[in-house]
Amino acid sequence: NALHSPNSTLTTGRLPLDVRIAEVNVRIDAPDRVLAVLDATLSVVPRFDAGATPDVMISVRSQGDVWEIHGLAGSLKVLAAQSALPQIGGAVVTSAIRDVAISRKYSTMRATVVSKGGRALALLGDDWESALTLSAHLHGRGWSYISSDNAVLDPATFEVFAVQKSLYVNSSAVAQFPTYYRRAV
């Protein structure tokens, strides 16, 4: 099937985006405008060698009035055609993380992760914006930002793999962010 062929390039001019999430090779094939957003969003996520085989394939297509995100074992996520490109990119990243976790029998966490002194702190829970705001304040106090949104846990080793993508925040949380972050938001 063309959607899951490792050599498939369904975009018009750009090669698929090949990233490494939790030590798993992930190939994302999407239209150029979606790949441009993903390339920027995942700019600090390691890439895997072009000759390596992907372990997980994600395919993004515009189909009439919807965007379809196809993943592992026939998984499908659908967004409205008028969805903003960053929203589509976020859904693609979430699908990739889910598929990585399934392929390795890992668990996923919606977590912001910071570290200091060789230790990491994962802030998770129902109030994600508060966790992100707290991590921004910790960053301002010398903690290193590792991940803003997702992490993957290997339950056998308790190793946590943070997925470092561009930081984003909803407008309702801007007033709570440290002042030096507000200019960027």
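Details of the structure are given in the entry above.
Residues numbered from 1 in each chain as written. Predicted model: local features only at pLDDT ≥ 70, side-chain atom pairs only at ≥ 80, totals over all residues. Heavy atoms only, no water.

1. Topic: the sheet that holds strand β2 (residues 24-29)
Argument step 1. Within the open sheet, the 5 strands sit side by side as β1-β2-β3-β4-β5. Their pairing is mixed. The sheet is open, and its two borders are formed by β1 (17-21) and β5 (76-80), each paired with just one other strand. Neighbour-to-neighbour, the strand axes of the sheet open up by a mean angle of 20 degrees, direction not taken into account.
Argument step 2. Relative to β5, strand β4 (residues 66-70) runs antiparallel, the two being bridged by 5 bridges. Its bridge partner lying in β5, E68 is registered against V78.
Argument step 3. Helix α1 (residues 32-41) rests against β1, β2, β3 (56-63) and β4 of the sheet, and its axis sits at about 35 degrees to β1. (Pairing = 2+ DSSP bridges. Helix = DSSP H or I, 4+ residues; strand = E, 2+ residues; numbered from the N terminus. Axes fitted to C-alpha atoms, helices over the stretch in contact; angles between N-to-C directions. Contact = heavy atoms within 4.5 Å.)

2. Quick look at helix α3 (residues 128-139)
Argument step 1. Spanning 12 residues, α3 covers 16 Å between terminal C-alpha atoms, matching the ideal 16 Å at 1.5 Å per step.
Argument step 2. Regarding α3, the residues found buried are W128, E129, A131, L132, T133, S135, A136 and L138. (Expected span 1.5 Å × (residues − 1). Buried < 20%, exposed > 50% of the residue type's maximum accessible area, 1.4 Å probe, protein only.)

3. Some details on the pairing of strand β10 (residues 159-163)
Argument step 1. As defined by bridge partners, strand β9 (residues 150-154) adjoins β10 across 5 bridges and the pair is classed as antiparallel. The residue bridging V152 from the neighbouring strand is F161, located in β10.
Argument step 2. Between the end of β9 and the start of β10, which pair antiparallel, lie 4 residues, with F158 showing a positive phi angle near 65 degrees.

4. Re the side chain of S115
Argument step 1. You can see S115 is positioned in strand β6 (residues 107-116).
Argument step 2. Non-local contacts of S115, meaning those with residues more than four positions away in its chain, are made with A120, W143, S144 and I146.

5. Structural notes on the pattern of salt bridges
Argument step 1. Applying the stated rule across the entire model yields 6 salt bridges.
Argument step 2. R61 is paired through a salt bridge with D29; the nearest N and O atoms lie 3.1 Å apart. On the criterion of sequence distance, the pair formed by R61 in strand β3 and D29 in strand β2 is long-range, its members being 32 residues apart. (Salt bridge = Lys/Arg side-chain N within 4 Å of Asp/Glu carboxyl O.)

6. Some points on the environment of W143
Argument step 1. If you trace the backbone, W143 turns up in the loop between α3 and β8 (144-147).
Argument step 2. When the C-alpha positions of W143 and V113 are compared, they lie 9.9 Å apart, and in sequence the two are 30 residues distant.
Argument step 3. Aside from chain neighbours lying at most four places away, what touches W143 is V114, S115, K116, L121 and L138.

Everything listed here is a matter of geometry and, on its own, says nothing about what the molecule does.
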